[in-house]
Amino acid sequence: MSDPTFQVPGGHVSITTHGVVQSETVSALLEMRSFSERHGLVNVRWSLIPGALVDRARNEAVRQLLQDPGGQWLVMCDADMTWAPDALLKLLQTAYGTH
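Residues numbered from 1 in each chain as written. Predicted model: local features only at pLDDT ≥ 70, side-chain atom pairs only at ≥ 80, totals over all residues. Heavy atoms only, no water.

Attention shifts here to the pairing of strand 1 (residues 11-17). Counting buried positions along strand 1 gives seven out of seven residues, so the element sits mostly inside the fold. Burial along strand 1 is two-sided: the residues Gly11, Val13, Ile15 and Thr17 and His12, Ser14 and Thr16 are all buried. What joins strand 1 to strand 2 (residues 44-50) is helix 1 (residues 23-38), and the crossover it makes is right-handed. Pairing between strand 1 and strand 3 (residues 73-78): six bridges, direction parallel. Residue pairing across strands places Thr16 opposite Asp78, the latter belonging to strand 3. (Buried < 20%, exposed > 50% of the residue type's maximum accessible area, 1.4 Å probe, protein only. Helix = DSSP H or I, 4+ residues; strand = E, 2+ residues; numbered from the N terminus. Right-handed = clockwise from strand over helix to strand, strands pointing away. Pairing = 2+ DSSP bridges.)

So this is what it looks like as C-alpha cells:
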C-alpha cells in the first residue's frame, strides 16, 4: 500500500453467480480494482465464480481462499451488486485497525 503503516495480508474478492453478471456489477468491480491498485492494494485475487447454485459458488470461493497460503480474507459479492470504488479499501482499513 502507499501508506507504509497500512499492512494488509493477501485476500480474495469473488463475484459468485449462477451465470449472469449485471453490467453495473462488472463496472463496479473494475472501478474498485483500479482504485485499489492505484492505492497500493495489489495482493488481491479477483475472481468470477459461476455455479448452478449460488451457495455452491460461494463454497468454491471459500475453497479457493483456503488453498491460497497467502489468503487471509474473503469478500464475496453477488452478481447484481454495486459499490463505491473505495469500498474494499475502507473494509480492509476497518478490519485491520487503520481507519
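Turning to the sheet that holds strand 1, a few remarks are in order. With parallel pairing, the three strands of this open sheet are ordered in space as 2-1-3. Among the strands making up the open sheet, the edge pair consists of strand 2 and strand 3. The sheet shows a mean angle of 20° between the axes of neighbouring strands, direction not considered. Strands strand 1, strand 2 and strand 3 of the sheet are contacted by helix 3 (residues 87-95), whose axis makes an angle of about 145° with strand 3. (Axes fitted to C-alpha atoms, helices over the stretch in contact; angles between N-to-C directions. Contact = heavy atoms within 4.5 Å.)

Once that is clear, we can look at helix 2 (residues 54-67). The end-to-end C-alpha distance of helix 2 is 20 Å, a good match for the 20 Å that 14 residues give at a rise of 1.5 Å each. Burial in helix 2 covers these residues: Ala57, Ala61 and Leu65. Here the buried residues of helix 2 occupy an arc of 85° about the axis, which is enough to place them on one side. When the buried face of helix 2 is taken as reference, the exposed residues oriented beyond 90 degrees from it are Arg56, Leu66 and Gln67. (Expected span 1.5 Å × (residues − 1). Arc of directions from axis to C-beta.)

This part covers the nonpolar core. Counting residues in each nonpolar core, the largest one holds 16 residues, and the members touching the most others are Val13, Trp73 and Leu88. Those elements giving two or more residues to this core turn out to be strand 1, helix 1, strand 2, strand 3 and helix 3. With residues near it in sequence (within four places) discarded, Trp73 still touches Val8, Pro9, Gly10, Gly11, His12, Val13, Val44, Leu65, Leu88, Leu92 and Tyr96. (Core = buried A, V, L, I, M, F, W, Y, C linked by side-chain atoms within 4.5 Å.)

Here the structure, examined in full by the defined rule, presents five salt bridges. Here Asp78 makes a salt bridge to Arg58, at a shortest N to O gap of 2.6 Å. Taken together, the residues span a long stretch of sequence, with Asp78 in strand 3 and Arg58 in helix 2 at a distance of 20 residues. Classification of Arg58 as partly exposed rests on a relative accessible area of 33%. Between Arg63 and Glu60 there is a salt bridge, and its shortest N-O distance comes to 2.9 Å. With a gap of three residues between them, Arg63 and Glu60 both fall in helix 2, about one helical turn apart. (Salt bridge = Lys/Arg side-chain N within 4 Å of Asp/Glu carboxyl O.)

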